[in-house]
Structures are given as structure tokens and as C-alpha cells.
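# Examining the three-dimensional arrangement
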Amino acid sequence: AQALSALQMTAELFRLVDQFRDAGLDALLVKGPTLALRAYGDTGARKYGDLDFLVRQKDILRATKLMISAGYRPEIPVEAVSANKIPGQYVFVRIAAPLLVELHTERTMRYFPRGLPIEEFFARREYVSVDGHQIPALAVEDELILICIHGAKHLWERLSLVADVAAFVDRQTSLNWEHSFATARAVGAERMLDTGLLLASNLLGAVLPQKIRERLQADRSASRLAAKIAT
């Protein structure tokens, strides 16, 4: 069932990425298949229930109309989008068969302590090869911050959230740590990043560079928080 779901999601991913590209709309895939591939080496190795894209707020009306033309029903009416009503995320349900797509912008990602530097995220984009298709995605350093913020948003209530961080840092051996920490500071999420890395190391044995371990140990608040979450 997991493999079949991943295949269905991946096929739809290819279709939507092509449509965004043909329309000249920038959209970066976040979490989902990209995270599964980067953390576990296989788009079907991690369960996810929807496809998440990051787009600019100024493009959200065009993106909404594109999703409608692609056979999706928006949960936020076009009139509300036109009136600049900003929900927690823009959710779309495929009409032909059950499948969810969420569009996120710099205005919807309110769980970032400070404003999301979306232009920097787009400028640093990378392309992930999924079955021969080049999928635009966040830089690995930015994705690490996102999954730690996502874990904090959910209070690290599931071990799978910690497993994502542990698997991610184990596989991404060329990760630029200084870049991740600098961006985390810029968006006010340094403690979220520290806590996620401490949980990954303490609970699941994620191997971190010595200088990173020393840095984390120096954050006593994050250490106390990680210990409390672990219990």
C-alpha cells in the first residue's frame, strides 16, 4: 500500500511540476518525496499524505487558478484568494481521485519565528532527480531547518519526526552546517534546529561532526528541552 501510494504521488508530482514550469510559475517541492529521497534514499520509504509546494505569495492567485485547471478543488475560494485572505495553507483536493496538495507561501508559514526569506530560498534552490525527472526543491541546508521547525510545530510528538532529522543528516554528508545555522539564526529558529539535532543524536544515534556536537552541548536550553521531550 505504501509503495502504491508513493507511485501515485510521484506520478502526480511530475504532472504538476510540468504544469508549473509551463506556466512560468516558480514552485519548490518541500518534504514529501524529496525528503523521503534525501533522508532514506527512496521516495517510497517514508509515508506522506500530500504534496507540499512553496510558492511566492504574489503568485498564489495564478497558482490557484492553475490547480483548478489541473482538476483540483480549492478549499479556499478564488474570491477569498483574490481578497488576500491568507489561511494556514492553501489546500487543494483532486476531484478525480483523493489526493491532497498544499501550497505554502512566505505569508502562510507563520510557524517560522521570523519572516521566511523566500527569495533567498528560491535563489538557493536545488534540483532533485526523481526517476529521471528534475524536481525543484529547497537546498538541503534549508530543508533541514524546515523539518526541524516542522517537528517543533508538532511538539516532536512522533518518533518519525525525529527519525526524519536523523536519517537526513546521516545521508547528507556534504551539508554546509554553517549555512544551516546562519539561516536558522536569521529566521529565529536556531533553538528549534538545535533541539531537532539533539533529539536525532540522543534518541536515534545520528552521527554529527564534533564541532556541531560541541555547539549543541553549549545550548543548555535546547539540551534541557530535548531531554524533557525524550521523557
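Residues numbered from 1 in each chain as written. Predicted model: local features only at pLDDT ≥ 70, side-chain atom pairs only at ≥ 80, totals over all residues. Heavy atoms only, no water.

## Topic: the layout of surface pockets
Considered as a void within the structure, the largest pocket measures approximately 410 Å³ in volume. Together, 22 residues line the largest pocket, and Lys31, Arg46, Asp50, His150 and Arg158 are the ones closest to its centre. Those elements giving two or more residues to the lining of the largest pocket turn out to be helix H2 (32-40), strand E2 (50-54), strand E5 (100-104), helix H6 (140-153) and helix H7 (159-171). By residue number, the principal contributor to the lining of the largest pocket is H7, which donates four residues. Of the residues that constitute the lining of the largest pocket, the class distribution is six nonpolar, seven polar and nine charged. Residue lining of the second largest pocket: Val17, Phe20, Arg21, Gly24, Leu25, Asp26, Ala27, Leu28, Arg125, Tyr127 and Pro136, and that is the complete set. No other element matches the three residues that helix H1 (residues 2-22) contributes to the lining of the second largest pocket. (1 Å grid on protein atoms, 1.4 Å probe; cavity = no way out; pocket = protein on both sides within 12 Å on 5 of 7 lines; lining within 4 Å. Points joined across faces, edges and corners; volume = space filled by probe spheres on them. Helix = DSSP H or I, 4+ residues; strand = E, 2+ residues; numbered from the N terminus. Nonpolar A, V, L, I, M, F, W, Y, C, P; charged D, E, K, R; others polar.)

## Thoughts on empty space enclosed by the protein
Applying the stated criterion across every chain, the model contains one cavity of 30 Å³ or more. If you add up the space inside the largest cavity, you get close to 40 Å³. Around the largest cavity, the lining residues are Lys31, Leu35, Arg46, Ile147, His150, Leu161 and Asp164. Taken together, the elements giving at least two residues each to the lining of the largest cavity come down to H6 and H7.

## Some thoughts on the pattern of salt bridges
A side chain with one charge may pair with a side chain of the opposite charge, provided their charged atoms come close. Scanning the entire structure with this criterion turns up 17 salt bridges. Linking Glu119 and Arg56 is a salt bridge whose minimum nitrogen-to-oxygen distance equals 2.8 Å. In this pair, Glu119 is assigned in helix H5 (residues 118-123) and Arg56 in the loop between E2 and helix H3 (60-69), connecting sequence segments 63 residues apart. Residue classification places Arg56 among the buried residues on the basis of a relative accessible area of 11%. Here Asp59 and Lys58 are joined by a salt bridge, their closest N and O atoms 3.6 Å apart. (Salt bridge = Lys/Arg side-chain N within 4 Å of Asp/Glu carboxyl O. Buried < 20%, exposed > 50% of the residue type's maximum accessible area, 1.4 Å probe, protein only.)

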